[in-house]
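Coordinates in review
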Amino acid sequence: MLKFKNKFKFGSSNTNGDKSTSPELSTVSSSPRNSVDSKRTISTNNLSDTMLKLSINGASQQGALPEEASSSSSSTASASPKKSDYNQQATTQSSHKDHPTLVSQPHSSTAHEVEQPNTTASHNPGLLTVKIYNSNKIQLPIQIDNNKQILHALAVNSNNESTTQYLLKNLGALESNESKGTDDQSGSSDHLLPGKLATSLLPSIITIPNAENLVKSLLYLTIEFDNNVLVIEPQKGTVNQSTWNQVVSFDVTKKSNTNQNIGSNFLILNLFIRLPSMLIPESEKLSKKHLFTNNTSPNANPNNIGDLLIGTIKLPLSLKYHVKPIRLMNHEYLKFTNYNLNASDLVSKELGEIMLTIEFKPISKAPLSIDDFDLLKVIGKGSFGKVMQVVKKDTKQIYALKTLRKQHIVSRNEVTHTLAERTVLARINNPFIVPLKFSFQSPEKLYLVLSFINGGELFWHLQREGKFSMDRSRFYIAELLTALESLHELNVIYRDLKPENILLDYQGHIALCDFGLCKLNMSSNDRTSTFCGTPEYLAPELILNQGYTRSVDWWTLGTLLYEMLTGLPPFFDEDTPTMYRKILQNPLRFPSFLESTDAQDLLIKLLQKDPKHRLNDATEIKSHPFFKDIDWVKLINKSYLPPFKPNVENLLDTSNFDSDFTNEKPQDSVVDDFLSESVQQQFGGWTYNGDTVFK
Ligand SMILES: Nc1ncnc2c1ncn2[C@@H]1O[C@H](COP(=O)(O)OP(=O)(O)OP(=O)(O)O)[C@@H](O)[C@H]1O
């Protein structure tokens, strides 16, 4: 993929009807445009007389205030912000990217592109606290090898004496049953143990001998809300029955979606086990590979087939108005399900249960400032500033903080696009789009606080692996398709789909980021003419400057699928004008190894040069035979286990980010730009902490 390097970066802020660049103009252009004429004045509502209600499974519940609804969390990292200057962000960025976004061709902006907020509806931000007490009757969805040596070693190394005694007793009973030939629990072949029996022989946590008493948990639980994920481990017990006693908290800012099918309004708990591979029978490794969070990265240990997903709990959270803290769930046991198994695959339908309490505490707080965060690492650079991994001091939540320097935005005439990015992020609710949690500003800068997604850019994975398998490409394209569908439903065109703007989360799900080229108010047949995007991904009608519709997003989806399957975009050429000519004139060709006729057919239909003949509707695309095995409800609920799991150690892990960035000192540089009052007013509606809702 080095073949993509050294592409220029330019783009456009044109709005309806303004003249655009010609495709031959393949040079950077960023001259100033006229002032942005729209002010966004968002007044935050007084919420004191409003009640915020949360309901679970649709049933509203109000309860007594549990004062212990503390904000403690399993995240413990913190670092002090360090002050110094940053002023190279824009220049270093283009060398990092292989598909640079086209940046600005100057045009005046109109009010049409900037949306006015609806301040009549409001939503109270708050803190969701989940307390996990203990799990019970957990069983594995697979059988394990009856490897006494390993089971014995695990039992002996349990981190708890009474657990060790219990496990050794169970192992002893198993052995004596076997010698008497009365193995009535198994019911299966001699060398396999059923999932239920297996978990009563495994400790949930062990102390690794000769490793300075390193404690390693076999069992772990991921808790996800609004794409933020926390990982907790039990304190003691067997896999069958563990004590957790952990408390985690999540910031709640986003207005809840009433559509219960949308995944991001769920609290999702996934229970995993790190099974020693010697306990996994060959048959399971082969036949039920999809149950494991497989890691196919080139450096992965081939013996490590990944962690086994035991089961999932999904709680739809429906947020309404309430001002008092409430307990939504009080010491209740919830059962795990495994969406990746057919009922017939399960030895028993019961996979076990976990006891938890869920509380919500509204927080009426003034807008945030940079002082509310500790800065941990630099993780990326964008056109107007950098992106840092940060921890919010009060809730200890880890976030990505994107900083944008106002002076740069104004001088490159990108106010409209920047405001559009904030607006779209605040409104959108799709599990495969990185959620905005807060936004705030200082006199010099704008800040976006986003869920921190640490599986790395899809670009980075594609670069390392050359191309992806058919199944893996299909999975990513399907998740992206729903993301684009949600944007189009909000009358937004994305316009910049490319591997650099797609992040993978810790499990390997898609999280689309970078909404800087979004165009608002584009209903299905509306046309615009802004020349922007990324050269390799530009649709023919955009190059021809004929005006274009949302259809350009489906062209880019086709381009992306082609690149995933073959390693290169369809009409790629080192020379940009030649590439434009090829996009306009060359027929679509497929390499011989691309055998799937369904994939070829979909690509032909998405990469139609004339948008009138292109597949132009998400529902139609979803029903194409290429996606025939996809259950779209299951997909949007994030119930498919991704085909690839990035190497992510924990929440703080930044190893999937470029070390050129992560080695930099994280700092919010001091800049002394002066912006006039009228310029400042253009950024008037920027702040967002859940108080402002857009229609
Ligand atoms: N929520 C996030 N979690 C983790 N990393 C992120 C997140 N958002 C952005 N990044 C990282 O920071 C990089 C730059 O962010 P982003 O693309 O949003 O900036 P930009 O200024 O819009 O970029 P561009 O100049 O390409 O338009 C991303 O490519 C990604 O690696």
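Per chain, the residues get numbers from 1 upward, laid out in the order the sequence is written. Thresholds applied to this predicted model are a pLDDT of at least 70 for local features of residues and 80 or more for the giving and counting of side-chain atom pairs; totals over whole chains, interfaces and linings are not thresholded and use all residues. With hydrogens and water stripped out, all remaining heavy atoms of the structure feed into the side-chain values.

1. Notes on the UniProt feature "binding site: ATP" (unreviewed entry) in the chain
- Here, the residues flagged by UniProt with the feature "binding site: ATP" (unreviewed entry) are Lys-402.
- Only DSSP runs of H or I reaching four residues or more are called helices, and only runs of E reaching two or more are called strands; each is numbered from the N terminus. When you line up the elements, Lys-402 lands in strand S19 (residues 398-405).
- Two N or O atoms count as a polar contact when they lie within 3.5 Å, although within protein this holds only if one can serve as hydrogen donor and the other as acceptor, and sequence-adjacent residues are included solely when both atoms are side-chain atoms. At a separation of 3.0 Å, a polar atom in the side chain of Lys-402 contacts the side chain of Glu-421. UniProt positions are given in the numbering used here, feature names are shortened, and annotations may be inferred rather than shown by experiment.

2. Digging into the sheet that holds strand S21 (residues 445-451)
- Two strands are counted as paired when DSSP detects at least two bridges linking them. Taken in spatial order, the 5 strands of this open sheet run S17-S18-S19-S21-S20, and their pairing is antiparallel. Bordering the open sheet on either side are strand S17 (373-381) and strand S20 (436-441), each of which pairs with just one other strand. The average angle at which neighbouring strand axes cross in this sheet is 25 degrees, direction not considered.
- Bridge analysis of S19 against S21 gives 7 bridges, and the strand direction is antiparallel. Looking across to S21, one finds that Arg-405 is bridged to Lys-445. Here the axes come from fitting lines to C-alpha atoms, over the contacting stretch only for helices, and the angles between their N-to-C directions go from 0 to 180 degrees.

3. Structural notes on the site of the ligand
- Taken together, 23 residues surround the ligand, and among them Ser-383, Lys-402, Ser-451, Glu-457 and Asp-514 come closest.
- The separation between an oxygen atom of the ligand and a polar side-chain atom of Lys-402 is 2.6 Å.
- Within the contact set of the ligand, a nitrogen atom lies 2.8 Å away from a backbone nitrogen or oxygen of Ser-451.
- Burial of the ligand by the surrounding chains reaches 95%, relative to a free accessible area of 610 Å².
- When contributions to the shell around the ligand are tallied by element, the ones reaching two or more residues are S17, S19 and S21.
- With 3 residues, the single largest contributor to the shell around the ligand is S17.
- Amino acids are sorted into nonpolar (Ala, Val, Leu, Ile, Met, Phe, Trp, Tyr, Cys and Pro), charged (Asp, Glu, Lys and Arg) and polar (every other residue, Gly among them). Per-class residue counts for the shell around the ligand are 9 nonpolar, 7 polar and 7 charged.
- Residue ranges for the domains trace back to a domain assignment, done automatically or taken from a database. Each of domain 2 (370-452 + 653-683) and domain 3 (457-637) contributes no fewer than three residues to the shell around the ligand. Nearness of a residue to a molecule or strand requires only that one of the residue's heavy atoms be within 4 Å of it. Only the protein chains shown count as cover for residues, and the accessible areas themselves come from Shrake-Rupley with a 1.4 Å probe.

4. Describing the environment of Gly-311
- Its place among the elements puts Gly-311 in strand S14 (residues 307-321).
- Assessed through its relative accessible area of 0%, Gly-311 is described here as buried.
- Each C-alpha atom of the pair Gly-311 and Asn-647 lies 21 Å from the other, and the pair is 336 residues apart in sequence.
- The contact definition used throughout considers only heavy atoms, calling two residues in contact when any of these lie within 4.5 Å. With residues up to four places along the chain from it excluded, the contact list for Gly-311 reads Leu-269, Asn-270, Leu-271, Phe-336, Thr-337 and Asn-338. Note on classification: 1.4 Å probe, protein chains only; a residue is buried when its accessible area is under 20% of the maximum for its type, exposed when over 50%, partly exposed between these limits.

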